Every structure is written in structure tokens, then in C-alpha cells.
Amino acid sequence: MGEMASVDITEDEAQLYDRQIRLWGLESQKRLRKARVLVIGARGFGAEVFPRSEIGKNRAEASLERAQELNPMVEITADKEKIDDKPDSFFGNFDVVCATECTTAQFLHLDNVCRENNIKFFCGDVYGFFGYIFLDLQIQEFMEEVTTITNTHEPTGEPLAKKRKTEKTVQNTKGTETYVPLQDALDVDWTSESYAKRLKRMDPSYFVMKALLKFCDKKGRKPSPSEREKDIESLKEFVKEELTKQKIREDFVPELLLKDVFAEISPVCAIMGGITAQEIIKTVSQKERPHNNIFFFNPLKCIGYSACFGV
């Protein structure tokens, strides 16, 4: 993605993006300008700009006008075709693919296609108060500011406590992160020594994500408020299957967590959509270190956190 920086910024764009250019630099802004991003899925997580007046229409087309109003200088198009009807060559037109509302098989296929074409891949979804984002950036290079604080001593004749001075140095440092395919992140062996040790300090969100993916694959839908009790029982079974397979105690995933995965909650969609946009900006601009490789929002703790799986 280094070649992105070759595009020029117009005078109007320089004026519009003045704050961003000051924040992360001209070269990063050039990369953002040239980036081609595909967003698959236009529900609460994928498109917060959907207007009520357009109910009944195709969501991608209905969201187009408001999305364009956010920045008239960005070219935005809507595509009504199903993702399964697209040839693999279609995805080669993009630098970043961000997929939502897909089956596990579709996510895995998209990730494989992106890997073959050196495309950065994101996928995720929101279920009620719970959400996750997975990133496969393959090899990601970036620049980040590293702050170093040092204590200095000067011979002033004063007591030692008064002699100490603190100096803060900020340097731009180049870094590299390696990411694994989605399949590896989903196929973690929790009976292995390294992963078994992680369980003691680990949040249960990973297993909730896997249960939700399996639920959607089996049922062909997300958990529904109209089928709440029935769907909770199904989720409990899927969680139990995974925990038993991995030789993890059954109470590792609180049942209460499975009761918070219904409907699409706007604030959670905003949080997860914002985090995803932030990580895409980091990825394309090559400014700051992106999450590696899954970000979760846990509704019981009301916190988001990232963790690396499959490495």
C-alpha cells in the first residue's frame, strides 16, 4: 500500500483536510485520498446514515445520499448485487474490504481472496449490546509516536531530590505487525499450554463470538427478540459445545452475557462503527498501530478491548 502516496492533493482538498494533514501528515492524507474501500452490509453497524423515510428500499442505495453529504469530495457508489454473485476478481478493485452481515463461510472466502490479492480485510458485527471486529492486515507497516521519559541529574549543589529533572522525548518510530487469517483465529486450540494459560485472565467474549457465528450459520438469521427464550437456549448449547470441546469449564461464559445479544443497539453500532473506521484510517494512512487482531465490546463490563488469537 506504500504506492498510494503518489496521488496529488488539490488546493480545495488541502483546505478541507487541513486539520487531518496537520494531525497525521501529507503522505498519510494522500494514502487516504487514493484508497478504495468496499463496505459489505448496510445495517446498523455498516451504515448508520440510513434514513427512516427510505424504509423498504435497498439499504445501500438508501444510504448513498446521506453518506455522500458527509464528504462530497469522496466518490461513493452503491451496488445491489449479492456478494456471492461477485467473481473473485471484483474484490481486486479495492485496497480494503470491510464485511458485515455475512456467514462464516463468506467471511473466510473473502479473507482468502483478500490475502491472495494483498487487500486489507476487516469483518465484524453487532448483536444487541455485544460486538466484535476482526482484522487481517497480513503485514502492516506503520509509523507511531513513541514517548520516552528519562530522569537527568545536574550538579547544582541542591539536595538529590531537587536535582532530578524529567525529560520527555517523542520520536516517530517505524513498526511492523503480522496478522493471521480468520481461519487461524477461529481454530484456536485452547487445550494447548500457551492458550490454556491465557484463560485465567481472559474475557469470555471470544466464545460468545463463536457461538453467535454458529447460530447465524445454523439458523440463517441473528438472534431475534421474538424468539428470545428459544434463541438463548440455542446459544447456550453452542457455547457448551465449544467449551466442552476445548475442555473449559461450562460456567466460563456467563449466561447473562447471552441475554444481551438481541436487536441492534444504536450506541453499540456507533461504538463499533467508529472503532472500525478508526482502524481502517490507521491501516490506510499507515499512521499508528492498528489492533491485532480482534476487538470486542463486552456489554457486562461496558468496555472494549483487543486481543490476538491464532498466533
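Residues numbered from 1 in each chain as written. Predicted model: local features only at pLDDT ≥ 70, side-chain atom pairs only at ≥ 80, totals over all residues. Heavy atoms only, no water.

A. Region of the structure containing empty space enclosed by the protein. Tallying each qualifying case throughout the model produces one cavity of 30 Å³ or more. Estimated volume of the largest cavity: approximately 40 Å³. Only α6 (104–116), β4 (130–136), α8 (182–186) and α10 (205–219) provide two or more residues apiece to the lining of the largest cavity. Of the residues contributing to the lining of the largest cavity, the split by class is eight nonpolar, one polar and no charged. (1 Å grid on protein atoms, 1.4 Å probe; cavity = no way out; pocket = protein on both sides within 12 Å on 5 of 7 lines; lining within 4 Å. Points joined across faces, edges and corners; volume = space filled by probe spheres on them. Helix = DSSP H or I, 4+ residues; strand = E, 2+ residues; numbered from the N terminus. Nonpolar A, V, L, I, M, F, W, Y, C, P; charged D, E, K, R; others polar.)

B. Main features of the layout of surface pockets. For the second largest pocket, the calculated volume is near 330 Å³. Forming the walls of the second largest pocket are 18 residues, and the residues nearest its centre are E101, D125, C216, R221 and K222. The residue inventory of the lining of the second largest pocket, partitioned by class, reads seven nonpolar, three polar and eight charged.

C. View of the sheet that holds strand β2 (residues 96–99). The six strands are arranged β1-β2-β3-β4-β7-β8 in an open sheet whose pairing can be described as mixed. Pairing within the sheet leaves two strands with one partner each, and these edge strands are β1 (37–40) and β8 (303–307). Here the average twist between neighbouring strands, direction ignored, is 15°. (Pairing = 2+ DSSP bridges. Axes fitted to C-alpha atoms, helices over the stretch in contact; angles between N-to-C directions.)

D. How the structure looks around the side chain of E13. With respect to the helices, strands and loops of the structure, E13 is situated in helix α1 (residues 11–16). The exposure class of E13 is buried, given its relative accessible area of 6%. Reaching out from E13, the side chain makes a polar contact with the backbone nitrogen of T10 at a distance of 2.9 Å. With near-sequence residues (within four places) excluded, E13 lies in contact with D8, R33 and M73. (Buried < 20%, exposed > 50% of the residue type's maximum accessible area, 1.4 Å probe, protein only. Polar contact = N/O pair within 3.5 Å; in protein donor to acceptor, adjacent residues only side chain to side chain. Contact = heavy atoms within 4.5 Å.)

E. Spatial organisation of the pairing of strand β3 (residues 120–127). Where burial is concerned, most of β3 is hidden: eight out of the eight residues are buried. Along β3, one buried face is formed by K120, F122, G124 and V126 and the opposite face, lined by F121, C123, D125 and Y127, is buried too. The sheet contact formed by β2 and β3 spans four bridges and is parallel. Paired with A99 across the strands is C123, a residue of β3. Alignment of β3 against β4, held across seven bridges, turns out to be antiparallel. Bridge pairing in β4 places F121 opposite D136. Joining the antiparallel neighbours β3 and β4 is a turn of two residues, in which G128 adopts a positive phi near 60°.

F. Seen up close, the state of the cysteines. As enumerated under the stated definition, the model contains zero disulfides in all. Cysteine C216 shares no disulfide, and the gap to the nearest cysteine sulfur, in C102, comes to 11 Å. Summary of cysteine pairing: C308 is not part of a disulfide, and the nearest cysteine sulfur, belonging to C123, is at 14 Å. (Disulfide = S-S within 2.5 Å.)

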